[in-house]
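Chain residues, written in single-letter form:
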Amino acid sequence: MDTNQFLAALAGKIDRREQLEELLEVAYQRVYGTTFAREGTVLGNHGRYWKVDHLCSVVRSAFRGLSLDRDPSLAMALRVHEQAWWAVREHLRCFLGVYEMPSEVLWNRQHLPWWVGVHQSKDDPTLVAYTPDAAMGERDARVKIALGRLLRKFNPTMPDAELASLEAAYRGDLSDEIEFITDEAALVGAYLQGPSSCMSRNSAYFGLPEGQHPAQVYAGAPGVALAVLRDGNGRVNARALTYVNPSDPNDKRYLRLYGDTARLERRLRRRGFVCKSFVGVKLRAIPVRDQAPSDPQNYLAPYLDGAGGSNNGESYMLTPDRQFLEVISQDERLRLAANFPHSAVSGAETHGTVRLRPGPSDTAICPLTGLEYSPRRQSPRYAVRQNGELVRAAHIPEDYNCHYFAAVDGRLLRVPGPSGVPTFVAPRATSSTPLVDNEATRIHQGFVRLDPELYADGPAWALQSKTTEVEHDGRARRVLLADCVLWCSQGAAGVWLRQAYFKTWTPPEGALRVYRVNNMRTFVPAGTETVKLDNGQLAVRGLHDITQLWDGSWALTHLVGTRTIGGVRVALKKGRAFNALEVTRSEWWREHARGRILSVARHKWETLPVSMSADARLDRACAFALLVVMGLTWVKSGEHAKVCTSAYPYEFAAPFESHLAGWKQIAEQASAQDVVKAAAGLYLAETLAQWLEEQTQALSVERAMREAQAEAYAVAA
């Protein structure tokens, strides 16, 4: 017996405990793949029990999706007593749907005991049936009775008002009456005034013009209606979207329920509706008003519920005629996103609008083979014809055995094609696969088309970085930079103005030709101040990016490097040999070095505290200048100064009695290791000695003045 037979037998009639045991064993074997074994045997006051709690979840998931929440004790353990088997049988019939249970009133265990199996009578739906005692339970017989009388029997003290309320609720649950709304205004009103959801908001919330609402797409859609129930005041208290297939009246579906879900669900099921996805249903495609026409456009699109709950991946696709939003599966949306961008979008969005362009048709003809195919279900591939034309084909001919790269929607894709397709080579190509020589691929690789009149016999394409647009014969033309002449003139504020012309243009008389700018022949007006570059060409400061070297010559900045010699940054031509000793002997270097060493020494002199003696301040200032400019470290120790440098592995001492002699000795001792540093250090020593002498004389004069003032004060006293 398979699972279907098990369900059929269970739904038909359970009249023996042994039959239920047999059916449960088959189901357990079917689901778990192992033999069912009784377990948890318990001996109690009520006799021998057996436990089948493992199969409760199987029954729940396999039989019509009913929930065990109605009776939690059954979900924990189903224990069947030998004497009370008839009561368990009746309960299972109610729980598994063998008996009709059209109202929550019948599930109310506070008023009706579970073991009597109260259910709707099959002979008379206005009455209920139940098993009153064990004798009738053994005979599998039932008694028909009015619900009110049965409630009074089990609840003799129940107030009449409560009993009448339960009877009214039961009669209301027996009704199949449902209001189906298809009118646009009434449908939107049911959303706005009924149970709350993400779509029960006004137009302003979605940023829509007045009179437009996302729910309008349901009104007038083929087979779609909004099923609603109303309370005593006429207010909508339950709603659900429904669909009846115009081609198949037996195809009845409903989606998520809102509000009084149990009552509406029972009525829908009695009318033959099943909870099922809306995939394949077509809703109205309504463009958003007051928007600029474009492709794609904005369309109204409400949040699309799934079968019995939130969105399960269902999406919207705009049909080719722009008339409908067809509900499609998530797999199809992903496939369309790869082959037809912006034609489909997820239905899980809550902002009320989507931006779409028309999707593919159901059938199409392959442009290469002429065979019919479905673009929605068979993903076409890009291929290139022998003339370089790119097409989307579902079937690739056998002779398309070569591969090329071509630009598609801004991406470079590998596509098949026949031999002989025109190709080109792009700069900095990362693959050996040739590129299809068509406009889209050329543009993707940074090429632009040159003016066909000026280049009738020349190249048709060129890299955009090597071209410019000039005015020629009264209109703009795209030409090569190498074929341009650049005229530069200074404006009123001293800013250089540049104007490019085609090579046939003639510069004004007397114009000076200078170094090329942007790879174009460049001219400036006569009388413009120029400098000569080291390559012999003329350049203009402010127009060209140039730098003056240490020897007074000029060079392009990107060809110039720097090096520090004796604390001075020296500009040198890259790749050109130079004599560092010659640099240190030049007047240019000496002026810069003198300024730097004296600036450092003076700064240190001014920052030292005045409480120090003048000689100590001078010593410290000179040492600090040597430290900064030459990169040496000065340490005073007694009557000597230790000067250390990372360039030499040893220390050399200089007597501090004579500053000039000390610095000379340092320079002479370093000369064996670094001639340039020795020359620089010697010059710095001479500079510092001269500065020290000047400062010493000034201090002597200042000291003499203070002594004269002190003597004058003493005489006056």
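What you see is a predicted model, and the numbers here were worked out from it, not measured in a lab.

Draft legend 1. Seen up close, the overall build of the chain. In terms of helices and strands, the chain carries 17 helices and 41 strands. Going through the 717 residues of the chain one by one, you find that 43% of them count as buried. For the chain, the proportion of contacts with a sequence separation of at least 24, taken over those separated by at least 6, is 48%. Carbon together with sulfur atoms contributes 49% to the accessible area of the chain, which is approximately 37,800 Å² in total.

Draft legend 2. The arrangement of the environment of S175 in detail. With respect to the helices and strands, S175 occurs in the loop between α8 (160-174) and β6 (179-181). For S175, a relative accessible area of 23% translates into the label partly exposed. Separated by 73 residues in sequence, S175 and P102 place their C-alpha atoms 9.5 Å apart. Beyond its immediate chain neighbours, meaning those up to four positions away, S175 contacts R267 and R270.

Draft legend 3. Layout of the sheet that holds β6. Read from one edge of the open sheet, five strands run β6-β7-β8-β9-β10, paired in mixed fashion. The strands lining the two open edges of the sheet, one partner per strand, are β6 and β10 (274-275). One ladder, built from six bridges, connects strand β8 (residues 236-244) with strand β9 (residues 252-259); its direction is antiparallel. From the neighbouring strand, Y243 faces β9, where its bridge partner is R253. In this fold helix α9 (residues 184-193) packs onto β6, β7 (224-230) and β8, with an angle of close to 135 degrees to the strand it touches most, β8.

Draft legend 4. Representation of helix α14 (residues 587-607). Spanning 21 residues, α14 covers 30 Å between terminal C-alpha atoms, matching the ideal 30 Å at 1.5 Å per step. Turning to α14, its buried residues are W589, A593, I597, L598, V600, A601, K604 and W605. The arc that holds every buried residue of α14, seen down its axis, measures 155 degrees, which confines them to one face. Among the exposed residues of α14, those pointing more than 90 degrees away from its buried face are E587, E591 and E606.

Draft legend 5. Main features of the packing of aromatic side chains. One pass over the structure, following the stated rule, counts eight aromatic pairs. Aromatic side chains Y191 and Y218 sit 6.3 Å apart centroid to centroid with 15 degrees between the ring planes, which places their arrangement in the stacked category. On the criterion of sequence distance, the pair formed by Y191 in helix α9 and Y218 in the loop between α9 and β7 is long-range, its members being 27 residues apart. Classification of Y191 as buried rests on a relative accessible area of 5%. Members of the aromatic cluster, each reached through a chain of ring pairs, are W487, Y501 and W505. Just above the ring of F340 sits the side chain of R392; from NZ or CZ to the centre is 4.9 Å. If you follow R442 out to its NZ or CZ, it ends over the ring of F424, 4.0 Å from the centre.

Draft legend 6. Highlighting the packing of α8 against helix α10 (residues 261-270). The geometry of α8 relative to α10 is characterised by a closest axis approach of 9 Å and an angle of 40 degrees between their N-to-C directions. Between α8 and α10, the crossing angle belongs to the class labelled oblique. Of the residues in α10, those in contact with G172, D173 and L174 of α8 are R263, R266, R267 and R270. Grouping the constituent residues of the contact of α8 with α10 by class yields one nonpolar, one polar and five charged.

Draft legend 7. Looking closely at the pattern of salt bridges. The full count for this structure, using the stated rule, is 22 salt bridges. In this structure, R475 and E453 form a salt bridge, with 3.0 Å as the shortest nitrogen-oxygen distance. Note that R475 is positioned in strand β28 (residues 475-480) and E453 in the loop between β25 (447-449) and β26 (461-463), a separation of 22 residues in sequence. Judged by its relative accessible area of 53%, E453 falls in the exposed class. Among the charged side chains, a salt-bridge network with shared partners connects D451, E453, D473, R475 and R477.

Draft legend 8. The arrangement of unusual backbone geometry in detail. Residues other than glycine seldom take positive phi values, yet D473 does so here, at roughly 55 degrees. Within the secondary structure, D473 is located in the loop between β27 (467-472) and β28. A positive phi angle, close to 55 degrees, is found at N518, a residue other than glycine. Residue placement: N518 occurs in the loop between β31 (512-517) and β32 (520-524).

Draft legend 9. Summary view of the sheet that holds strand β13 (residues 315-318). Read from one edge to the other, the open sheet built from four strands follows the order β11-β14-β13-β15, with strand pairing classed as antiparallel. Bordering the open sheet on either side are β11 (282-284) and β15 (344-346), each of which pairs with just one other strand. Ignoring which end each strand starts from, the neighbouring axes of this sheet average 30 degrees apart.

Draft legend 10. View of the packing of helix α7 (residues 147-154) against α8. Where α7 meets α8, the closest approach of the two axes is 10 Å, and the angle between their N-to-C directions is 140 degrees. Judged by the inter-axis angle, α7 sits oblique to α8. Pair α7 / α8 crosses with right-handed handedness. Residues L147, G148, L151 and R152 of α7 form the contact with α8, whose own contacting residues are D160, L163, L166, E167 and Y170. Residue composition of the contact of α7 with α8, by class: five nonpolar, one polar and three charged.

Draft legend 11. Representation of the side chain of H119 in the model. Along the chain, H119 falls in strand β3 (residues 119-120). H119 sits in the buried class, given a relative accessible area of 3%. Here G117 takes part through its backbone oxygen, which lies 2.7 Å from a polar atom of the side chain of H119. Sequence-distant contacts of H119, defined by excluding residues within four places in its chain, comprise Y99, E100, M101, L106, V128, A129 and R142.

Draft legend 12. Broad picture of the side chain of S374. Within the secondary structure, S374 is located in the loop between β18 (372-373) and β19 (381-384). A polar atom in the side chain of S374 sits 3.0 Å from the backbone oxygen of D362. The contacts of S374, once residues within four sequence positions are left out, are D362 and T363.

Draft legend 13. Region of interest: the confidence of the model for the chain. Overall, the prediction assigns the chain a mean pLDDT of 78, with 73% of residues at 70 or greater. Of all secondary-structure elements in the chain, the lowest mean pLDDT belongs to strand β2 (residues 47-51), at 31, while β11 reaches the highest, 95. Confidence drops under a pLDDT of 50 for residues 1-9, and excluding neighbours within four residues, the segment shows 13 contacts in the predicted structure.

Draft legend 14. Seen up close, the nonpolar core. Of all hydrophobic cores here, the largest spans 37 residues; its most connected members are L187, Y191, Y218, V224, L226, L241 and L283. Counting only elements with at least two residues in this core, the list comes to α9, β7, β8, β12 (297-300), β13, β14 (324-328) and β16 (353-356). Broken down by element, this core gets its largest block of residues, four residues, from α9. Apart from the residues lying within four places of it in its own chain, the contact partners of Y191 are M199, S200, A215, Y218, L226, R239 and L241. Membership of the second largest hydrophobic core comes to 19 residues, among which are I145, M158, L166 and Y170.

What counts and how
- Residues numbered from 1 in each chain as written.
- Predicted model: local features only at pLDDT ≥ 70, side-chain atom pairs only at ≥ 80, totals over all residues.
- Heavy atoms only, no water.
- Helix = DSSP H or I, 4+ residues; strand = E, 2+ residues; numbered from the N terminus.
- Buried < 20%, exposed > 50% of the residue type's maximum accessible area, 1.4 Å probe, protein only.
- Contact = heavy atoms within 4.5 Å.
- Areas by Shrake-Rupley, 256 points an atom, 1.4 Å probe, with all protein chains shown as cover.
- Pairing = 2+ DSSP bridges.
- Axes fitted to C-alpha atoms, helices over the stretch in contact; angles between N-to-C directions.
- Expected span 1.5 Å × (residues − 1).
- Arc of directions from axis to C-beta.
- Phe/Tyr/Trp six-rings, centres within 6.5 Å; stacked < 30°, edge-to-face > 60°.
- Lys NZ or Arg CZ within 6 Å of the ring centre and 35° of its normal.
- Parallel < 35°, antiparallel > 145°, perpendicular 65-115°, else oblique.
- Nonpolar A, V, L, I, M, F, W, Y, C, P; charged D, E, K, R; others polar.
- Salt bridge = Lys/Arg side-chain N within 4 Å of Asp/Glu carboxyl O.
- Left-handed = near helix turned anticlockwise from the far one by under 90°.
- Polar contact = N/O pair within 3.5 Å; in protein donor to acceptor, adjacent residues only side chain to side chain.
- pLDDT = per-residue confidence, 0-100.
- Core = buried A, V, L, I, M, F, W, Y, C linked by side-chain atoms within 4.5 Å.

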